Amino acid sequence: MHHLISPQDLSTTQINELIALAGRIIESPSSYSEICKGKKLATLFYEPSTRTRLSFEAAMLNLGGSVLGFSSADSSSAAKGESVADTIRVISSYADICAMRHPKEGAPMVAAMHSRIPVINAGDGGHNHPTQTLTDLLTISRLKGRLDHLTIGCCGDLKFGRTVHSLVNAMARYEGVRFVFISPEELKIPAYLRSDVLDSAGISYKETKNLEEVMPELDVLYMTRVQRERFFNEEDYIRLKDLFILDAEKMKYARPDMLVMHPLPRVNEISTEVDSDPRAVYFKQAEYGMYIRMALILTLLSDPENKKEALVC
Ligand code: CP
């Protein structure tokens, strides 16, 4: 693995290895606290972020490395018209690895083509968010004990929600996984995911507008925010934003061991009264995001193909 641009860059073996390494880091963080000493992570964020950027930075600091970067396009030379290709050529001289978030689909891929250091896609437009997916897989693996034979419900904005697109791509490769997509007509999962990922592999799924009706079937309910920033029309956003709100009443329909996940940030789609339900694991999920990013940074910097001195995991 040279870069991580899409979840398909990772085989299930590599995903399982990253989850196992994250588990070892969780058990013994001090064993890894100096392993990236002298290494630098650049965080190139052209779009807002709290969890992804700060968990990447915390991850590198926890590994003994250091961080540099920018948190908005306005505070970088992108504001003067610099291309992603030129930026990454320069950053390759300053850092050993970088994480990039960009509003344009494919920007991290372009960066990878011009980079001398590993590029990690930290979210590109409505396309992919592979490290959120690794976070989600680590969460499911640790809290359900498996990644196969699960029914995953995805609810909310399935059209623009890149975390759902990446999660479906990744989970579709595990045996016995089925999906339930809960959304309004306008925010349905994209047709290419249905045809290229699900139909082509014969993976079972259904689509519905009724959350209560499908709750009892689910092992995991993955809630998502309606992505205001990707709407062309404010009226449509206002009409659709509160169609699905998970509250304590709806949780009565869920299995006692169902996990409620959310990539965060949440707006209204999960009532705060759900936070105290032991099945609500979204804050734990955000914590796991730091550990899986530690495992990913370590793995990429250890790859001899990256022509950096090898580190021992
Ligand atoms: N889940 C996630 O990507 O959160 P941020 O936008 O805060 O990074």
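Before going further, it helps to examine the layout of surface pockets. Each pocket or cavity is described by its volume, and for the largest pocket that value is around 340 Å³. Lining the largest pocket are 21 residues, and of these R101, R162, R225, L264 and P265 sit closest to its centre. Elements with a minimum of two residues in the lining of the largest pocket: α2 (51-62) and α6 (162-171). Mapping the lining of the largest pocket onto the domain boundaries places at least three of its residues in each of domain 1 (7-128 + 289-312) and domain 2 (130-286).

Read from one edge to the other, the open sheet built from four strands follows the order β2-β1-β3-β4, with strand pairing classed as parallel. What marks the edges here is a single partner per strand, and that holds for β2 (66-70) and β4 (119-124). Between one strand axis and the next, the sheet turns by 15 degrees as a mean value, whatever way the strands run. Note that strand β1 (residues 40-45) and strand β3 (residues 97-102) share five bridges and pair parallel.

Scanning all chains against the criterion turns up 17 salt bridges. Residue E185 pairs with K209 through a salt bridge whose shortest N-O separation is 3.6 Å. Here the residue E185 occupies a position in the loop between β6 (178-182) and α7 (191-199), and K209 occupies one in the loop between β7 (205-208) and α8 (211-214), the gap between them amounting to 24 residues. Residue E207 pairs with R194 through a salt bridge whose shortest N-O separation is 3.5 Å. Residue E207 is found in strand β7, and its partner R194 is found in helix α7; the two are separated by 13 residues along the sequence. The structure contains a network of salt bridges with shared partners spanning E185, K188, R194, E207 and K209.

Right, let's talk about the nonpolar core for a bit. Among the nonpolar cores identified, the biggest contains 61 residues, and I152, V168, M171, F179 and I297 are the most heavily contacted of them. Among the elements that line this core, the one with the most residues is helix α11 (residues 282-302), at 11 residues. No fewer than three residues from each of domain 1 (7-128 + 289-312) and domain 2 (130-286) sit in this core. The contact partners of M171, leaving out residues within four places of it in the chain, are L137, I140, L147, L150, I152, V177 and F179.

Turning to the site of the ligand, a few remarks are in order. Surrounding the ligand, one finds S49, T50, R51, T52, R101, H129, Q132, P263 and L264. Measuring from an oxygen atom of the ligand, one finds a side-chain N or O atom of R51 at 2.9 Å. Between an oxygen atom of the ligand and a side-chain N or O atom of T52, the distance comes to 2.6 Å. For the ligand, the protein covers 91% of the area, taking 260 Å² as the surface of the free molecule. Most atoms of the ligand, that is more than half of them, are within 2 Å of grid points of the largest pocket. Looking at the shell around the ligand residue by residue, the classes come out as two nonpolar, five polar and two charged.

This part covers a nonpolar patch on the surface. A contiguous nonpolar patch, built from L68, V90 and Y94 and spanning about 250 Å² of accessible area, is present on the exposed surface. Among the structural elements, V90 can be located in helix α3 (residues 84-94).

Look at helix α1 (residues 12-27): 22 Å from first C-alpha to last across 16 residues, which is about the 22 Å you get at 1.5 Å a residue. Taken residue by residue, α1 has I15, L18, I19, L21, A22, G23 and I25 as its buried positions. Against the buried residues of α1 lie α5 (130-144) and α11.

Below, the discussion takes up unusual backbone geometry. Residue P265 is bonded to the preceding L264 through a cis peptide linkage, with omega at 5 degrees. Checked against the element boundaries, P265 lands in the loop between β9 (259-261) and α11. Positive phi is not limited to glycine here, since H149 has a value of about 50 degrees. The residue H149 is located in the loop between α5 and β5 (151-155) in this model. Its identity as a non-glycine residue notwithstanding, L264 has a phi of 60 degrees, on the positive side.

Thresholds applied
- Residues numbered from 1 in each chain as written.
- Predicted model: local features only at pLDDT ≥ 70, side-chain atom pairs only at ≥ 80, totals over all residues.
- Heavy atoms only, no water.
- 1 Å grid on protein atoms, 1.4 Å probe; cavity = no way out; pocket = protein on both sides within 12 Å on 5 of 7 lines; lining within 4 Å.
- Points joined across faces, edges and corners; volume = space filled by probe spheres on them.
- Helix = DSSP H or I, 4+ residues; strand = E, 2+ residues; numbered from the N terminus.
- Domains from an automatic or database assignment.
- Pairing = 2+ DSSP bridges.
- Axes fitted to C-alpha atoms, helices over the stretch in contact; angles between N-to-C directions.
- Salt bridge = Lys/Arg side-chain N within 4 Å of Asp/Glu carboxyl O.
- Core = buried A, V, L, I, M, F, W, Y, C linked by side-chain atoms within 4.5 Å.
- Buried < 20%, exposed > 50% of the residue type's maximum accessible area, 1.4 Å probe, protein only.
- Contact = heavy atoms within 4.5 Å.
- Near = heavy atom within 4 Å.
- Polar contact = N/O pair within 3.5 Å; in protein donor to acceptor, adjacent residues only side chain to side chain.
- Areas by Shrake-Rupley, 256 points an atom, 1.4 Å probe, with all protein chains shown as cover.
- Sits in = over half its atoms within 2 Å of the grid points.
- Nonpolar A, V, L, I, M, F, W, Y, C, P; charged D, E, K, R; others polar.
- Patch = residues over 30% accessible without salt bridge, like charges linked within 9 Å, V, L, I, M, F, W, Y side chains within 5 Å.
- Expected span 1.5 Å × (residues − 1).

Everything listed is a geometric property; what it means functionally is a separate question.
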